[in-house]
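Each chain, written out:
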Amino acid sequence: MKKLIQSLKIIAYLIILWCIIHTVYVVADGLYDDGRTADVAVILGNKVNEDGTLSARLEKRLETGLELYHNHLIKKIIVSGGLGKEGFYEGDKMKEYLIKNNVSDSIIIVDNKGNNTRLTVENTLAIQKKYHFTSIIVVSQYFHVTRTKKLFRDKGLENVVSVSPHYFEWRDFYSILREFPAFYTQ
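To start, this report covers the structure provided alongside it. (Residues numbered from 1 in each chain as written. Predicted model: local features only at pLDDT ≥ 70, side-chain atom pairs only at ≥ 80, totals over all residues. Heavy atoms only, no water.)

As a further point, take the layout of surface pockets. The calculated volume of the largest pocket comes to roughly 440 Å³. Only helix H2 (56-70), helix H4 (117-131) and helix H6 (172-185) provide two or more residues apiece to the lining of the largest pocket. Taken together, the residues of the lining of the largest pocket sort by class into three nonpolar, 15 polar and seven charged. Volume-wise, the second largest pocket comes out at about 340 Å³. (1 Å grid on protein atoms, 1.4 Å probe; cavity = no way out; pocket = protein on both sides within 12 Å on 5 of 7 lines; lining within 4 Å. Points joined across faces, edges and corners; volume = space filled by probe spheres on them. Helix = DSSP H or I, 4+ residues; strand = E, 2+ residues; numbered from the N terminus. Nonpolar A, V, L, I, M, F, W, Y, C, P; charged D, E, K, R; others polar.)

Moving on, we come to unusual backbone geometry. Phi angles above zero are rare outside glycine, and His72 is one such case at about 60°. Residue placement: His72 occurs in the loop between H2 and strand S2 (76-80). A positive phi angle is found at His132, which is not glycine, with a value near 55°. Along the chain, the position of His132 falls in the loop between H4 and strand S4 (136-139).

The end-to-end C-alpha distance of H2 is 21 Å, a good match for the 21 Å that 15 residues give at a rise of 1.5 Å each. In the core, the buried residues of H2 are packed alongside strand S1 (40-44), S2, helix H3 (90-100), S4 and strand S5 (160-163). (Expected span 1.5 Å × (residues − 1). Contact = heavy atoms within 4.5 Å.)

Overall, the coordinates contain seven aromatic pairs when judged by the stated rule. For the pair Trp170 and Phe173, a centre-to-centre distance of 5.8 Å together with 35° between the ring planes defines the contact as tilted. No difference in accessibility class separates Trp170 from Phe173, as the two residues are exposed. Their ring planes at 75° and their centres at 4.9 Å tell us that Phe183 and Tyr184 sit as a pair that is edge-to-face. In textbook terms, an aromatic cluster arises when at least three aromatic residues are bridged by ring pairs, as seen for Trp18, Phe180, Phe183 and Tyr184. The cationic tip of Lys150 hangs over the ring face of Phe183; the distance from NZ or CZ to the ring centre is 5.4 Å. (Phe/Tyr/Trp six-rings, centres within 6.5 Å; stacked < 30°, edge-to-face > 60°. Buried < 20%, exposed > 50% of the residue type's maximum accessible area, 1.4 Å probe, protein only. Lys NZ or Arg CZ within 6 Å of the ring centre and 35° of its normal.)

A word on a nonpolar patch on the surface. A contiguous nonpolar surface patch, about 860 Å² in accessible area, is contributed by Met1, Leu4, Ile5, Leu8, Ile11, Ile15, Trp18 and Tyr184. Considering each element in turn, the nonpolar patch owes the most residues, six residues, to helix H1 (residues 2-31). Structurally, Leu8 is set in helix H1. Judged by relative accessible area, Leu8 falls into the partly exposed class, the value being 49%. (Patch = residues over 30% accessible without salt bridge, like charges linked within 9 Å, V, L, I, M, F, W, Y side chains within 5 Å. Areas by Shrake-Rupley, 256 points an atom, 1.4 Å probe, with all protein chains shown as cover. Salt bridge = Lys/Arg side-chain N within 4 Å of Asp/Glu carboxyl O.)

This paragraph deals with the nonpolar core. One finds Leu62, Ile77, Val79, Leu98, Val103 and Ile137 to be the most contacted residues of the largest nonpolar core, which totals 23 residues. Only S1, H2, S2, H3, S4 and S5 provide two or more residues apiece to this core. Among the elements that take part in this core, H2 stands out by supplying five residues, more than any other. (Core = buried A, V, L, I, M, F, W, Y, C linked by side-chain atoms within 4.5 Å.)

This paragraph deals with the packing of H4 against helix H5 (residues 145-154). For the pair H4 and H5, the least separation of the axes is 10 Å and the interaxial angle reads 45°. The orientation of H4 relative to H5 falls into the category oblique. Relative to H5, the crossing made by H4 is right-handed. In contact with Thr117, Arg118, Val121, Thr124 and Leu125 of H4, H5 contributes Arg147, Thr148, Leu151 and Phe152. Across the contact of H4 with H5, the residue classes break down as four nonpolar, three polar and two charged. (Axes fitted to C-alpha atoms, helices over the stretch in contact; angles between N-to-C directions. Parallel < 35°, antiparallel > 145°, perpendicular 65-115°, else oblique. Left-handed = near helix turned anticlockwise from the far one by under 90°.)

Here it is, written out as structure tokens:
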């Protein structure tokens, strides 16, 4: 019995160590931006408030996409999100914001069926067939981009980099922890 308890402790320590190493990697990868160019930026959606305004997280993602566009690092922007419980399509609201900030309508591609990360990846790959892009920059919170890039690579799109907004909030701690199981189950 003593050996069993000792073995279980070792396993528990290894799992904790694995979680810590994974989390450090995800945070470091999410905060890294090498300034590369790409054909397309894929901006993942987030909450639109009940009054139709963008949540701070979503606005910061869009500001990051605007920087990419205004610095000529991308050619097109895909905005992807679903219909929120507040009654707004995230993609439409994101497009509205970009147009108000001097992005031409012809540059923006809307995906209003990107209800989660996996669907955003699948929908982006369907869009790829029409627009024939070969490289993308994922734009999302720093803790989310590693999993998103992995999903794209798992589906065969290898030229994937990321950038995240410089926006941090208390709920990031929960989100970072949530990313650990999500990375391995999605």
